[in-house]
Amino acid sequence: MDRRTKARIAAVGTAVLMGCLIGKYYVDVQERSCTKQLFAMDTVMSFTAYGRGCEEAVDAAMAEVQRLDGLLSTGEAFSEVAGINETGTGRVSEDTLSVLKRGQEIWEETGGLFDYTVYPLMELWGFSTGAYHVPSETELEEVLALVDASKVQWDGDVVTVGEGQRIDFGGIAKGYASARAMEVFREHGIRSGMVSLGGNVQVLGRKPDGSRWQVGIRNPGSEQGDVLAVVETEDRAVITSGGYERYFEENGTVYIHIIDPETGWPADGDLSSVTVVSEDGTLADALSTSLYLMGYDAAVEYWKARRAEFDMVLITDQGEISVTEGIRDGFRSEREYRVLDDGVMPPQDGPGGQ
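Residues numbered from 1 in each chain as written. Predicted model: local features only at pLDDT ≥ 70, side-chain atom pairs only at ≥ 80, totals over all residues. Heavy atoms only, no water.

Q: Looking at this structure, how should I read the packing of helix α2 (residues 54-72) against helix α4 (residues 94-109)?
A: One way to put it is that α2 packs onto α4 with a least axis distance of 10 Å and a crossing angle of 70°. When the axes of α2 and α4 are compared, the pair comes out roughly perpendicular. Regarding α2 and α4, the two cross each other, and that crossing is right-handed. The segment α2 lies against α4, with Arg67, Leu68, Leu71 and Leu72 engaging Asp95, Thr96 and Val99. (Axes fitted to C-alpha atoms, helices over the stretch in contact; angles between N-to-C directions. Helix = DSSP H or I, 4+ residues; strand = E, 2+ residues; numbered from the N terminus. Parallel < 35°, antiparallel > 145°, perpendicular 65-115°, else oblique. Left-handed = near helix turned anticlockwise from the far one by under 90°. Contact = heavy atoms within 4.5 Å.)

Okay, structure coming up:
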């Protein structure tokens, strides 16, 4: 074998080796994962991203959520929301105005069941302070007069609330924040990621291995927080509301934190858990509470009228599970469940785990 032939073989071998090394480097970079945690919006949050630049993306997403917390939190003394609650009016940023306008739309669409002026009621019951208290009918009557989103007005970027009113975006802010976190991931070139904002989960794309993300739904009857079901999904928010999240007990009666803005009393319907799955994290956050207040039958009818916007999992106070047809292929549970479609109610039975 002459020297030229040897040189060619060596060159080819080097090219192959370099190709393998570059390929391995590319795979390693693409599959690199970064996970960090943060305490904001009164809860522990987790941010995970995969791929090149994942650490920068996670840091930027966390910074964005902290920024939003500084604007929207009732607990931050210098937030825009706190300023409005203190003086009755205030100039706000584009984000705060966007959340308010979206809250107003959902208030109208849910017939007032989602009401971001419910803060005085939350305070009266002690859910915002920890000083739990079962109010008298007189107290409730006085505070209920303040709960009415129709009294909130805005002119450009100046927001004004009715006399004595205070706003609280706690039922929508985390959904808005998770949606913004997904936008930040995309801006940094991330194609696979997940954020969990105190149980509000939103995912981007699929996992690096090509499979869909699996989001667990807690068993409402389990004090240990056992998983009752799993939803497999991609590019969606999966947000659950249940009475087990925050509550107090007095004289043998349990009072949950989900307050009906029409009666002023904690929800006492036939649902124990509602999970909403949607591309729109803000909508999913708001609807998880609103559908809980509606109860099973009304929640099903609401979904039928807006089935293109979201899917849902309903768990009744008897432990019965219903799943809308849009997510049936990605739903897993060891229990029997029903599949809802837009023409049949109650729906057909479905075997658990299928």
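Next comes the rest of the account.
Q: Would you take a moment to explain the packing of aromatic side chains for this structure?
A: A ring pair, where both rings are aromatic, is described by two values, the distance of the centres and the angle of the planes. Scanning the entire structure with this criterion turns up 11 aromatic pairs. Taken together, a centroid distance of 4.9 Å and an interplanar angle of 75° make the contact between Phe331 and Tyr337 edge-to-face. Phe331 gets classed as buried once you look at its relative accessible area, which sits at 0%. According to the relative accessible area criterion, Tyr337 is buried, its value standing at 4%. Through pairs of rings, three or more aromatic residues link up here, namely Trp125, Phe127, Tyr132, Phe248, Tyr255 and Trp265. (Phe/Tyr/Trp six-rings, centres within 6.5 Å; stacked < 30°, edge-to-face > 60°. Buried < 20%, exposed > 50% of the residue type's maximum accessible area, 1.4 Å probe, protein only.)

Q: How should I be thinking about the pattern of salt bridges in this particular structure?
A: Pairing of side chains with opposite charge becomes possible as their charged atoms draw close. This model, assessed by the stated rule, comprises 16 salt bridges. Note that Lys36 is salt-bridged to Asp59, the shortest N-O span being 2.6 Å. Placement of Lys36 in strand β1 (residues 33-40) and of Asp59 in helix α2 is noted, with a sequence separation of 23 residues between them. Across the pair Lys304 and Glu301 runs a salt bridge whose closest N-O atoms are separated by 3.4 Å. Taken as a pair, Lys304 and Glu301 lie in helix α9 (residues 296-305) at a separation of three residues, close to a single helical turn. The exposure class assigned to Lys304 is partly exposed, which follows from its relative accessible area of 21%. Three or more residues joined by partner-sharing salt bridges are found here, namely Glu64, Arg67, Asp95, Arg180 and Glu183. (Salt bridge = Lys/Arg side-chain N within 4 Å of Asp/Glu carboxyl O.)

Q: Even after reading the chapter, I still don't get the state of the cysteines, so can you show me in this structure?
A: Two cysteines joined by a covalent bond between their sulfur atoms form a disulfide. Enumeration according to the criterion identifies one disulfide in this entry. Across a sulfur-sulfur distance of 2.1 Å, Cys34 and Cys54 are joined as a disulfide pair. Here Cys34, found in strand β1, pairs with Cys54, found in helix α2; they are 20 residues apart in sequence, far enough to count as distant. For the pair Cys34 and Cys54, a shared accessibility class is recorded, and that class is buried. (Disulfide = S-S within 2.5 Å.)

Q: How do you make sense of the sheet that holds strand β5 (residues 158-160) when you look at a structure like this?
A: Through backbone hydrogen bonds, the strands of a sheet pair up, either in parallel or in antiparallel fashion. Pairing within the open sheet is antiparallel, and its three strands lie in the order β3-β5-β4. Both outer strands of the open sheet, β3 (89-91) and β4 (153-155), are each paired with one neighbouring strand and no more. Averaged over all pairs of adjacent strands, the angle between their axes in this sheet comes to 20°, without regard to strand direction. Strand direction decides the pairing type here: β3 and β5, joined by three bridges, are antiparallel. Directly across from Thr89, in β5, lies its bridge partner Thr160. Across the sheet, helix α3 (residues 80-87) lies against β3 and β5, angled at about 145° from β3, the strand it touches most. (Pairing = 2+ DSSP bridges.)

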